[in-house]
Amino acid sequence: MADQDSCVHAVVRSSAVIEAAVDRVWNLLRSFSGLVRWMPGLENCCLLTHDGLDNLVGSVRRLSFAGNKEMHHTLLAYSETDRTYGFKMNESGSWAASPFPAAVYNYFGKLRVCEVTNGGFSFVELSAEFDVPRAAETAVREAFSSSFESTFENLSQYFKAQDSYTAHVKAYTSSIVAAPVDAVWNAIRSFVGISSWMPSIASSVLVERPGSHLVTRYLKLSGDKELNETLLAFSEIDHSYTYNIVEQGVWPNSPFPAAVSNYIATLRCTQITASNNTFVEWSSEFDTTRDSVDLMRAVIEGSVFQAGLDALQARFAQTRRASVIAN
């Protein structure tokens, strides 16, 4: 191992604008173990910790490259709100297996995604800082810069290819529930408790994710269908929460009749002050194949959202009838 006293500190930053909406780009990049879908030259990426659960601070991923090259990274920080995560490279492995042209030390990397509001595109930044032997500084800098630029080109091509056979879909359903907003919100506010009011869900359980600020629910539906969904935002003030579908490892048993990706949904309750009833909205955005747009919108709006809102209406109508009879 080289004498680290002879090293210099280097910083490499690269950025690009990707012609795709920020939610689509972040949904692709957010997975700490999902690099193989978009990083050129990478043969495999897998998690070594936390039973395969993604995006947990402390998670370790192994990246495998051609020629039996590999490296390990540990997740140090993760933010859905800021669309960013940071990680370090683990140095305990053999440098003979490293994909870099020379040993690097004290490596910290960061990925950041921002919305370009004027245009609806995404700004993506990749950065790395590390110590490297002085004699190898130029070669290592060039290796990182080349890797980052190839990554941006790959991302651009990925979304262009996706746009050629997929479409971005918005689904929206709303209903009036004859009950005060606090009562309706209390009935649906539990992210894991959705099976208590949603008729198509047989069970909903919390997926244990030690050390994570993210909450994930495992949904069991009829016909052995299943989904994992992660809570992204929650507001007691707005009576709403937002979640996405975790795509890794669930699609063989997906309840949907066509492929769905980049799925984000929001459930919201708003008080109707004139009648003291509640306006409930359920909306989502997702990508699907172009020939499945109408089918998937109908399934999401009808079989999922409207079915859930109808069940809420029936629940509170029954409560009101019981109250009238009691009085």
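Residues numbered from 1 in each chain as written. Predicted model: local features only at pLDDT ≥ 70, side-chain atom pairs only at ≥ 80, totals over all residues. Heavy atoms only, no water.

Novice: Can you walk me through the overall build of the protein chain in this structure?
Specialist: Of regular secondary structure, the protein chain possesses four helices and 14 strands. The buried share among the 327 residues of the protein chain stands at 46%. Across the protein chain, contacts joining residues at least 24 apart in sequence account for 58% of those joining residues at least 6 apart. Of the roughly 15,600 Å² of accessible surface on the protein chain, 50% is carried by carbon and sulfur atoms. (Helix = DSSP H or I, 4+ residues; strand = E, 2+ residues; numbered from the N terminus. Buried < 20%, exposed > 50% of the residue type's maximum accessible area, 1.4 Å probe, protein only. Contact = heavy atoms within 4.5 Å. Areas by Shrake-Rupley, 256 points an atom, 1.4 Å probe, with all protein chains shown as cover.)

Novice: What's the story with the environment of serine 127 in this structure? I'm lost.
Specialist: In this structure, serine 127 sits in strand β7 (residues 121–133). Residues serine 127 and glycine 109, spaced 18 residues apart in sequence, show a C-alpha to C-alpha distance of 5.6 Å. With near-sequence residues (within four places) excluded, serine 127 lies in contact with Val12, Arg13, Phe108, Gly109, Lys110 and Phe148.

Novice: Just checking my understanding: could you explain helix α3 (residues 181–188) for this structure?
Specialist: The α-helix advances 3.6 residues per turn, and as a result positions three or four apart in sequence lie on the same side. Those residues of α3 that fall on the buried side of the exposure criterion are Val181, Val184, Trp185, Ala187 and Ile188. In an axial view of α3, the angular spread of the buried residues amounts to 160°, which keeps them on one side of the axis. (Arc of directions from axis to C-beta.)

Novice: Would you mind going over the packing of aromatic side chains with me for this structure?
Specialist: Pairs of aromatic rings are described using the distance from one ring centre to the other and the angle between the two planes. Per the counting criterion, the structure on display carries 18 aromatic pairs. An angle of 50° between the planes, with centres 6.2 Å apart, marks the rings of tyrosine 85 and phenylalanine 87 as tilted. Classification of tyrosine 85 by relative accessible area gives buried; the value is 3%. Look at phenylalanine 144 and phenylalanine 148: their rings are 6.1 Å apart centre to centre, the planes differ by 55°, and that puts the pair in the tilted class. With phenylalanine 144 and phenylalanine 148 both in helix α2 (residues 137–165) and four residues apart, this pair spans about one turn of that helix. Residue classification places phenylalanine 148 among the buried residues on the basis of a relative accessible area of 8%. Clustering of aromatic rings is evident, with ring pairs tying together Phe32, Tyr85, Phe87, Tyr107, Phe130, Phe144 and Phe148. Taking NZ or CZ as reference, arginine 217 lies 4.9 Å from the ring centre of tyrosine 243, over its face. (Phe/Tyr/Trp six-rings, centres within 6.5 Å; stacked < 30°, edge-to-face > 60°. Lys NZ or Arg CZ within 6 Å of the ring centre and 35° of its normal.)

Novice: What exactly am I supposed to notice about the pattern of salt bridges here?
Specialist: Side chains that differ in sign of charge can pair as their charged atoms come close. Taken as a whole, this structure holds eight salt bridges when the rule is applied. Two residues, arginine 83 and aspartate 23, come together in a salt bridge whose shortest N-O distance is 4.0 Å. On the criterion of sequence distance, the pair formed by arginine 83 in the loop between β4 (69–79) and β5 (84–89) and aspartate 23 in helix α1 (residues 22–29) is long-range, its members being 60 residues apart. Take arginine 83: its relative accessible area is 21%, and that puts it in the partly exposed class. Using a relative accessible area of 33% as the deciding quantity, one classes aspartate 23 as partly exposed. (Salt bridge = Lys/Arg side-chain N within 4 Å of Asp/Glu carboxyl O.)

Novice: Got a minute to help me understand the sheet that holds β7 in this structure?
Specialist: If you trace the seven strands from one edge of the open sheet to the other, you get β1-β7-β6-β5-β4-β3-β2, paired in antiparallel fashion. Of all the strands in the sheet, the pair left with one neighbour each is β1 (7–18) and β2 (42–47). Averaged over all pairs of adjacent strands, the angle between strand axes in this sheet comes to 20°, irrespective of strand direction. Pairing of β4 with β5 involves six bridges; the strand directions are antiparallel. (Pairing = 2+ DSSP bridges. Axes fitted to C-alpha atoms, helices over the stretch in contact; angles between N-to-C directions.)

Novice: Looking at this structure, how should I read the packing of α1 against α2?
Specialist: Pairs of packed helices are described in terms of their axes, by the angle between the two and the distance that separates them. Axis separation between α1 and α2 bottoms out at 12 Å; the angle between their running directions is 115°. Crossing angle aside, the handedness with which α1 passes α2 is right-handed. When α1 is examined against α2, the residues Arg24, Val25, Leu28 and Leu29 are found in contact with a partner set consisting of Leu155, Tyr158, Phe159, Gln162 and Asp163. For the contact of α1 with α2, a count of residues per class yields six nonpolar, one polar and two charged. (Left-handed = near helix turned anticlockwise from the far one by under 90°. Nonpolar A, V, L, I, M, F, W, Y, C, P; charged D, E, K, R; others polar.)

Novice: So what exactly am I meant to see when it comes to the nonpolar core here?
Specialist: Side chains of a nonpolar character, in soluble globular proteins, are inclined to be buried together. Core analysis: the biggest nonpolar cluster contains 45 residues, and Leu29, Tyr85, Phe130 and Phe144 have the highest contact counts within it. The residues contacting leucine 29, other than those within four sequence positions of it, are Trp38, Tyr85, Leu111, Val113, Val124 and Leu155. Ala167, Tyr243, Cys269 and Phe316 belong to the second largest nonpolar core, which has 40 residues in total. (Core = buried A, V, L, I, M, F, W, Y, C linked by side-chain atoms within 4.5 Å.)

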